[in-house]
Amino acid sequence: MTNRPLIGVSTYVNDATWGPWDAQRAVLLPEWYPQLVQRAGGTAVLLPPDSPETAPGLLARLDGLVISGGPDVNPALYGARPHPRTRATAPERDLWEAALLRAALAAGLPLLGICRGMQLLNVVCGGTLVQHLEGGERHLPDANRYGSHPVRPLAGTRLAELLPEPAVEVPTSHHQAVDRLGEGLLVNALAEDGTVEGIEGPGFVLGVQWHPEQGDDLRVMQALVEAARVPAVV
């Protein structure tokens, strides 16, 4: 297949053990993320944390951007004190991904935020987060597995065009959510309990609170890849 857009995907930096190596600092990403990009027709390019000032130049070489899931966003980035259940463990990743998001928004580059990525998109646009969903067991199942629950795409949104069903069952694992919506963003999906499950902005700017890489529904990622085939308009 020709014309496979280059889609950058942000990564973790964690201690990891493999073969004879114990607790080595490593750049990591669950393979489901690049596989989802590939299955949707794109080529995945992994983006480890770097100096924030390099973000615009890097994105000039890419066709689209995915900010992946991961640990909680530092509440200091939206002017809040940490909740006892908040686990903000990736300060360098916060700064790097925030720079990627700002550069992508400025360049009109198609972007998709997944779970933490959606939350950070909202923060970068001036919004805030609910740091812990009390009674949110359906959103955050037991450790080491993903749950599932329905979300309702809202009529008149880009997401509803991509997912026209009245409700869509999605893979989920999160305990935080969008609170005050960021500037220029629109809520495009809700859970049954009213939790914001999706946001979008001008151009192709999309965030989903669920984990499409954990399921078989390619439509959200396919839409990003198709948008990435078209030159960005600033």
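From a predicted model like this one, the values you see are computed outputs, not experimental measurements. (Residues numbered from 1 in each chain as written. Predicted model: local features only at pLDDT ≥ 70, side-chain atom pairs only at ≥ 80, totals over all residues. Heavy atoms only, no water.)

Undergrad: Hey, could you run me through helix H3 (residues 91-107) in this one?
TA: Every α-helix winds through 3.6 residues per turn, so residues three or four apart in the chain are directed the same way. Between its first and last C-alpha, H3 extends 24 Å over 17 residues, near the 24 Å set by a 1.5 Å rise per residue. Of all the positions in H3, only Arg93, Asp94, Trp96, Glu97, Ala98, Ala99, Leu100, Leu101, Ala103 and Ala104 are classed as buried. (Helix = DSSP H or I, 4+ residues; strand = E, 2+ residues; numbered from the N terminus. Expected span 1.5 Å × (residues − 1). Buried < 20%, exposed > 50% of the residue type's maximum accessible area, 1.4 Å probe, protein only.)

Undergrad: Looking at this structure, how should I read the state of the cysteines?
TA: Covalent bonding between the sulfur atoms of two cysteines defines a disulfide. Per the counting criterion, the structure on display carries zero disulfides. Among the cysteines around Cys115, which has no disulfide bond, Cys125 carries the closest sulfur, lying 17 Å off. (Disulfide = S-S within 2.5 Å.)

Undergrad: Whenever I open this one, the nonpolar core confuses me. Can you help?
TA: Note on soluble globular proteins: their nonpolar side chains tend to be buried together. Core analysis: the largest hydrophobic core is formed by 31 residues, its most contacted members being Leu59, Leu65, Leu100, Leu101, Leu111 and Leu121. If you list the elements that add at least two residues to this core, you get helix H2 (55-59), strand S5 (64-67), H3, helix H4 (116-124) and strand S12 (196-201). Here the element with the most residues in this core is H3; it accounts for seven residues. Beyond its immediate stretch of four places on either side in the chain, Leu111 contacts Leu65, Leu101, Ala104, Leu105, Leu121, Phe204, Val205, Leu206 and Leu224. (Core = buried A, V, L, I, M, F, W, Y, C linked by side-chain atoms within 4.5 Å. Contact = heavy atoms within 4.5 Å.)

Undergrad: Is there a simple way to explain the packing of aromatic side chains in this structure?
TA: Describing an aromatic ring pair means giving the distance of the ring centres and the angle of the ring planes. This structure, assessed with the given rule, holds zero aromatic pairs. Over the face of the ring belonging to Tyr12 we find Arg93, whose NZ or CZ atom lies 4.5 Å from the ring centre. (Phe/Tyr/Trp six-rings, centres within 6.5 Å; stacked < 30°, edge-to-face > 60°. Lys NZ or Arg CZ within 6 Å of the ring centre and 35° of its normal.)

Undergrad: Where do I start with unusual backbone geometry in this structure?
TA: In terms of backbone geometry, most residues other than glycine have negative phi values and most peptide bonds are trans. Phi at Ala23 is positive, roughly 55°, even though this residue is not glycine. Relative to the assigned elements, Ala23 resides in strand S3 (residues 21-28). Phi at Cys115 takes a positive value of approximately 55°, unusual for a residue other than glycine. Relative to the assigned elements, Cys115 resides in the loop between strand S6 (111-114) and H4.

Undergrad: Would you mind showing me how to read the layout of surface pockets here?
TA: To locate leftover empty space, one rolls a probe as large as a water molecule over the atoms. In this structure, the largest pocket spans a volume of roughly 600 Å³. What lines the largest pocket is a set of 26 residues, and nearest its centre among them are Gly70, Leu140, Tyr146, Ser173 and His174. Counting only elements with at least two residues in the lining of the largest pocket, the list comes to helix H1 (32-39) and H4. Residues of the lining of the largest pocket, tallied by class, amount to ten nonpolar, ten polar and six charged. (1 Å grid on protein atoms, 1.4 Å probe; cavity = no way out; pocket = protein on both sides within 12 Å on 5 of 7 lines; lining within 4 Å. Points joined across faces, edges and corners; volume = space filled by probe spheres on them. Nonpolar A, V, L, I, M, F, W, Y, C, P; charged D, E, K, R; others polar.)

Undergrad: I keep staring at the pattern of salt bridges and nothing clicks. Help me out?
TA: Think of it this way: side chains of opposite charge can pair up when their charged atoms draw near. Enumeration according to the criterion identifies eight salt bridges in this entry. The partner of Glu226 in a salt bridge is Arg229, with the nearest N and O atoms 2.9 Å apart. Residue Glu226 is classed as partly exposed on the basis of its relative accessible area of 43%. In this structure Arg229 comes out as partly exposed when scored by relative accessible area, which is 27%. (Salt bridge = Lys/Arg side-chain N within 4 Å of Asp/Glu carboxyl O.)

Undergrad: Please clarify how the side chain of Asn122 should be interpreted in this entry.
TA: Take Asn122: it is sitting in helix H4. Polar contacts involving the side chain of Asn122 include one to the main-chain carbonyl oxygen of Arg180, which spans 3.1 Å. Excluding anything up to four places from it in sequence, Asn122 contacts Gly127, Thr128, Leu129, Val178, Arg180, Leu181, Gly182, Leu185 and Ile199. (Polar contact = N/O pair within 3.5 Å; in protein donor to acceptor, adjacent residues only side chain to side chain.)

Read these as spatial facts, not as claims about activity.
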